[in-house]
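Breakdown of the fold
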Number of protein chains: 2
Amino acid sequence: MKQNKYDDPAFFAAYGQMSRSAVGLDAAGEWPALRALLPELRGKRVLDLGCGYGWHCRYAREQQALSALGVDISESMLAKAREMTDDPAISYRRQAIEDIELDEGAYDAALSSLALHYVERFDAVCRQVYRGLAPGGSFVLSVEHPIFTSRDEQDWHYGPQGERLHWPVDGYQDESVRRTRFLGHEVVKYHRTASTYVNTLLDAGFRIDRLSEPQPTPEMLASVPEMKDETRRPIFLLIAASKSASNQ
Amino acid sequence: MKQNKYDDPAFFAAYGQMSRSAVGLDAAGEWPALRALLPELRGKRVLDLGCGYGWHCRYAREQQALSALGVDISESMLAKAREMTDDPAISYRRQAIEDIELDEGAYDAALSSLALHYVERFDAVCRQVYRGLAPGGSFVLSVEHPIFTSRDEQDWHYGPQGERLHWPVDGYQDESVRRTRFLGHEVVKYHRTASTYVNTLLDAGFRIDRLSEPQPTPEMLASVPEMKDETRRPIFLLIAASKSASNQ
């Protein structure tokens, strides 16, 4: 079994308290940037890797996607997603992202939101997604930024009064496990460099269409004062990639 | 006149002391990574933006490039380059990189080594290089990494014994001037995010072929002990991009 913190009841309960879980996509600071990278979804077969509560699958259907499949390792997540879903064109499958095997060309768009930094074999996932996409298909993903994941601590460097002095980077080239705290529990992440994320997609056959290191909108900065530090270092890296429309 | 520190005699003298100036490409830690990104140069018309002493132009000719043009803002640099060059297929032109105007399709490969973070309008340079490349042409560039340029200080965070604790990142999203010290002089750099470097190339029409955040080779680590800290944060970002071989 791959890492599955979400079936730990205490962790799952804590996750449910996060506004991005309870309120949905509009409570996720990076959602406007991720949405901007998504292709037109109308009539598309959409795959979501690490679907959680299923918010992105439901968004895809709001955009008139033909169908949406959410994949997640957590039975608790999928139970919640099924409970919140009333749409026969959305289905959920319990599986570790690392274990997906996709029929060739079965999807028109794939997305993965903040899941792939928990996955050891990003290369294998990219190859499977490339295979699973029809020609012209899109793969849009977000991960925690390599600047954010470089150290186990994944925290600011503080001054004597507890002020945030700067964001420390160390061990950037050491692409391996980071053991860090999330929602009061230890989780295992895989730190990869920015070039590894991009080159692994290229090696799988993808074209790179866009990178994004989103920052809070002026509205967010005005309404959530703590967000001001989010301009000081990037927390997420978003990548839009695509499979050539012609046969290669 | 755009920034031209190299015609300040003291700065130029200090630059001449750097081993990458005096010894050439093999003394530049990132050269193996940059060379690996370059296309086959045989028979190509090569452009080097920020050519300095002309080492890359001479390398291109060693690789049997048809011709090489080096562009640099510094008269001192170009005088040195001309003094060191005995090859009628290499020419040098004094011009700020920002001011280049290239004939359409006049070059097969363009490169720029550690110059473009001194240039304010990366977008304009990308558009000119795209125009100046023939279909299928390559653009390979290196810049100081956004992790390196985010703060004016561009230095480690030190502990009480002067030990390097970590590399501080701050102001990452603030894409603007950084005033920093290089060779004992103040120089002006332009901090840009990694996504801006990539997206600006995409917006100019380029395809992204490779990113690289090079680290010292095991041989370098063994022979130059101070290099060990170079694995802790990336200092350079290298990008290989190309213009489609078919008409778009």
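To start, this report covers the structure provided alongside it. Each chain carries its own residue numbering, running from 1 in the written order of its sequence. Both sets of labels track the order of writing: A upward for chains, 1 upward for ligands. Residue-level local features of this predicted model are given only where pLDDT is at least 70; pairs of side-chain atoms are given and counted only at 80 or more, and the full residue set underlies all totals for whole chains, interfaces and linings. For the side-chain quantities, the full set of heavy atoms in the structure was used; hydrogens and water were omitted.

Taken in spatial order, the 4 strands line up as E6(A)-E7(A)-E7(B)-E6(B) in an open sheet, and their pairing is antiparallel. Each having just a single partner strand, strand E6 (157-158) of chain A together with strand E6 (157-158) of chain B make up the two edges of the open sheet. Paired strands, in this sense, are two strands between which DSSP finds at least two bridges. Elements are defined by DSSP. Helices are runs of H or I of four residues or more, strands are runs of E of two residues or more, and each kind is numbered from the N terminus.

Bringing helix H4 (residues 55-62) of chain A into the picture now. Residue and element names in this part refer to chain A. Think of it in three bands: residues with accessible area under 20% of the maximum for their type are buried, residues over 50% are exposed, and the middle band is partly exposed, with areas taken using a 1.4 Å probe on protein chains only. Within the span of H4, buried status applies to His56, Cys57, Arg58, Tyr59 and Ala60. Throughout, a residue-residue contact means that at least one pair of heavy atoms, one from each residue, lies within 4.5 Å. As for H4, its buried residues are in contact with helix H3 (31-37), strand E1 (45-49), strand E2 (67-72), helix H5 (75-84), strand E3 (90-94) and strand E4 (107-113). Within two residues after H4, Gln64 carries a phi angle of roughly 70°, on the positive side.

Our focus in this paragraph is the nonpolar core. In this text, buried Ala, Val, Leu, Ile, Met, Phe, Trp, Tyr and Cys residues form a nonpolar core when linked through side-chain atoms within 4.5 Å. Within the largest apolar cluster, 64 residues are counted, with the highest numbers of intra-cluster contacts made by Phe139 and Leu201 of chain A together with Phe139 and Leu201 of chain B. In this structure, Phe139 of chain B is in contact with Ala110, Leu111, Ser112, Leu116, Cys126, Val129, Leu133, Leu201, Phe206, Ile239, Ala240 and Ala241 of chain B, ignoring residues within four places of it in sequence.

Let's shift gears to helix H1 (residues 9-17) of chain B. All names here are of chain B. Burial in H1 covers these residues: Phe11, Phe12 and Tyr15. Summarising the axial view, the buried residues of H1 lie within an arc of 100°, below the 170-degree limit, and thus occupy one face. Turned more than 90 degrees from where H1 packs its buried face, Pro9 and Gln17 sit exposed. Its buried side turned inward, H1 meets helix H2 (19-22), helix H5 (75-84), strand E8 (177-182) and strand E9 (185-190). Two or three places before Ala10, at the start of H1, stands the capping residue Asp8, its side-chain oxygen 2.9 Å from that residue's backbone nitrogen. This arc is taken over the directions from the axis of the helix to the C-beta atoms. In the analysis that follows, any N or O atom pair within 3.5 Å is treated as a polar contact, provided that within protein one partner can donate a hydrogen and the other can accept it, and provided that, for residues neighboring in sequence, both atoms belong to side chains.

Once that is clear, we can look at the relation of the copies chain A and chain B. Note that the two copies of the chain are related through a rotation about an axis and a translation along the same axis. The superposition of copies rests on a least-squares fit of C-alpha positions from residues with pLDDT of 70 or more in both. Superposition of chain A onto chain B requires a rotation of 180° combined with a translation of 0.0 Å along the rotation axis, giving an RMSD of 0.0 Å. What the rotation and shift describe, once combined, is the action of a two-fold rotation axis. Rotation axis and chain A: the residue whose C-alpha lies nearest the axis is Pro168 of chain A, separated from it by 2.3 Å. Both copies contact each other with a shared surface, as 100% of the interface residues of chain A are interface residues in chain B too.

On to the pattern of salt bridges. The term salt bridge refers to a side-chain nitrogen of Lys or Arg lying within 4 Å of a carboxyl oxygen of Asp or Glu. Enumeration according to the criterion identifies 43 salt bridges over all chains in this entry. Where Glu104 of chain A meets Arg131 of chain A, a salt bridge forms, and the shortest distance between an N and an O atom there is 3.6 Å. Here Glu104 of chain A is found in the loop between E3 and E4, whereas its partner Arg131 of chain A is found in helix H6 (residues 122-132), with 27 residues between them in sequence. Salt bridges sharing partners connect three or more residues here, namely Arg164, Lys228, Asp229 and Arg232 of chain A together with Asp170 of chain B.

Residues and elements named next belong to chain B. The mixed open sheet is built from 7 strands, whose spatial order is E3-E2-E1-E4-E5-E11-E10. At either end of the open sheet lies a strand with only one pairing partner, and these are strand E3 (90-94) and strand E10 (207-212). Between one strand and the next, the sheet's axes are offset by a mean angle of 15°, whatever the strand orientation. Inspection of the sheet shows strand E1 (residues 45-49) paired to strand E4 (residues 107-113) by 3 bridges, in the parallel sense. Across the sheet, the residue bridging to Val46 is Ala109, located in E4. Under this scheme, a helix contributes an axis fitted over its contacting stretch, all axes are lines through C-alpha atoms, and angles between N-to-C directions fall in the 0 to 180 degree range.

Before going further, it helps to examine the interface of chain A and chain B. On the chain B side, the residues contacting the 32 residues of chain A number 32 residues. Throughout, the accessible surface (probe 1.4 Å) given up by two parts as they are put together, summed over both, is called the buried area. Note on chain A versus chain B: buried area summed over both sides is about 2700 Å², and carbon and sulfur give 48% of it. For the pair chain A and chain B, the interface holds 4 salt bridges. The salt bridge partner of Arg232 of chain A is Asp170 of chain B, with a shortest N-O separation of 2.7 Å. Only strand E7 (164-169), helix H8 (194-204) and strand E10 (207-212) of chain A provide two or more residues apiece to the side of chain A that touches chain B. The dominant element in the side of chain A that touches chain B, judged by the number of residues it contributes, is H8 of chain A, at 6 residues. As a working rule, the residues Ala, Val, Leu, Ile, Met, Phe, Trp, Tyr, Cys and Pro are called nonpolar, Asp, Glu, Lys and Arg charged, and the rest polar, with Gly in that last group. Residues that form the side of chain A that touches chain B fall into these classes: 13 nonpolar, 11 polar and 8 charged.

Attention shifts here to the packing of helix H6 (residues 122-132) of chain B against helix H8 (residues 194-204) of chain B. Residues and elements named next belong to chain B. The N-to-C vectors of H6 and H8 enclose an angle of 40°; their axes lie 9 Å apart at closest approach. The angle between the axes of H6 and H8 places the two elements in the oblique class. Two packed elements cross with a definite hand, and for H6 against H8 that hand is right-handed. Together, Phe122, Asp123, Cys126, Arg127 and Tyr130 of H6 and Tyr197, Thr200, Leu201 and Ala204 of H8 make up the contact between the two elements. Each residue belonging to the contact of H6 with H8 can be placed in one class, and the counts come to 6 nonpolar, 1 polar and 2 charged. Orientation labels follow simple angle bins: below 35 degrees gives roughly parallel, above 145 gives roughly antiparallel, 65 to 115 gives roughly perpendicular, and whatever is left gives oblique. What makes a crossing left-handed is the near helix being turned counterclockwise from the far one by less than a right angle; a clockwise turn instead makes it right-handed.

Glancing now at the environment of Pro218 of chain B. Residues and elements named next belong to chain B. Relative to the elements of secondary structure, Pro218 occurs in helix H9 (residues 218-223). Residue Pro218 is classed as exposed on the basis of its relative accessible area, which comes to 61%. Between the alpha carbons of Pro218 and Lys228 there is a distance of 9.8 Å; along the sequence they are 10 residues apart.

A few words now on the side chain of Arg192 of chain B. Residue and element names in this part refer to chain B. Along the chain, Arg192 falls in the loop between E9 and H8. Here Arg192 occupies a buried position and makes no salt bridge, while the nearest side chain of opposite charge, Glu175, is found at 6.3 Å. In this structure the side chain of Arg192 is engaged in a polar contact, spanning 3.0 Å, whose partner is the backbone oxygen of Val119. Polar contacts involving the side chain of Arg192 include one to the main-chain carbonyl oxygen of Glu120, which spans 3.2 Å. Setting aside residues up to four positions removed in sequence, Arg192 forms contacts with Leu116, His117, Val119, Glu120, Phe122, Pro146, Glu175 and Tyr197. When charges are counted, Lys and Arg are positive and Asp and Glu negative, with His and the chain ends excluded.

Quick look at unusual backbone geometry now. Residues and elements named next belong to chain B. At Gln64, a residue that is not glycine, the phi angle is positive and equals roughly 65°. You can see Gln64 is positioned in the loop between helix H4 (55-62) and strand E2 (67-72). For Gln64, a relative accessible area of 45% puts it in the partly exposed group. Of note in the backbone geometry, Leu183 takes a positive phi value of approximately 55° without being a glycine. With a relative accessible area of 26%, Leu183 lands in the partly exposed category.

The subject of this paragraph is the packing of aromatic side chains. Stacked, tilted and edge-to-face are the three classes applied to pairs of Phe, Tyr and Trp rings, where Trp contributes its six-membered ring and a pair requires centres within 6.5 Å; stacked means planes under 30 degrees apart, edge-to-face means over 60, and tilted covers the rest. Throughout the structure, instances matching the rule amount to 22 aromatic pairs over all chains. Both rings, one in Phe122 of chain A and one in Tyr197 of chain A, keep their centres 5.1 Å apart while their planes meet at 75°; by these two values the pair is edge-to-face. Of the two residues, Phe122 of chain A sits in helix H6 while Tyr197 of chain A sits in helix H8, which places them 75 residues apart along the sequence. Taken individually, Phe122 of chain A and Tyr197 of chain A each receive the classification buried, so the pair is uniform in this respect. Here a set of aromatic residues connected by ring pairs shows up, and it is made of Tyr6, Phe11, Phe12, Tyr15, Tyr53 and Phe182 of chain A. Seen from the ring of Phe11 of chain B, Lys5 of chain B lies directly overhead, with NZ or CZ sitting 5.9 Å from the centre. Lying across the ring of Trp167 of chain B, Arg233 of chain B places its NZ or CZ 4.5 Å from the centre. Only Lys NZ and Arg CZ are tested; either one counts as a charge over a ring when it is within 6 Å of the ring centre and within 35 degrees of the ring normal.

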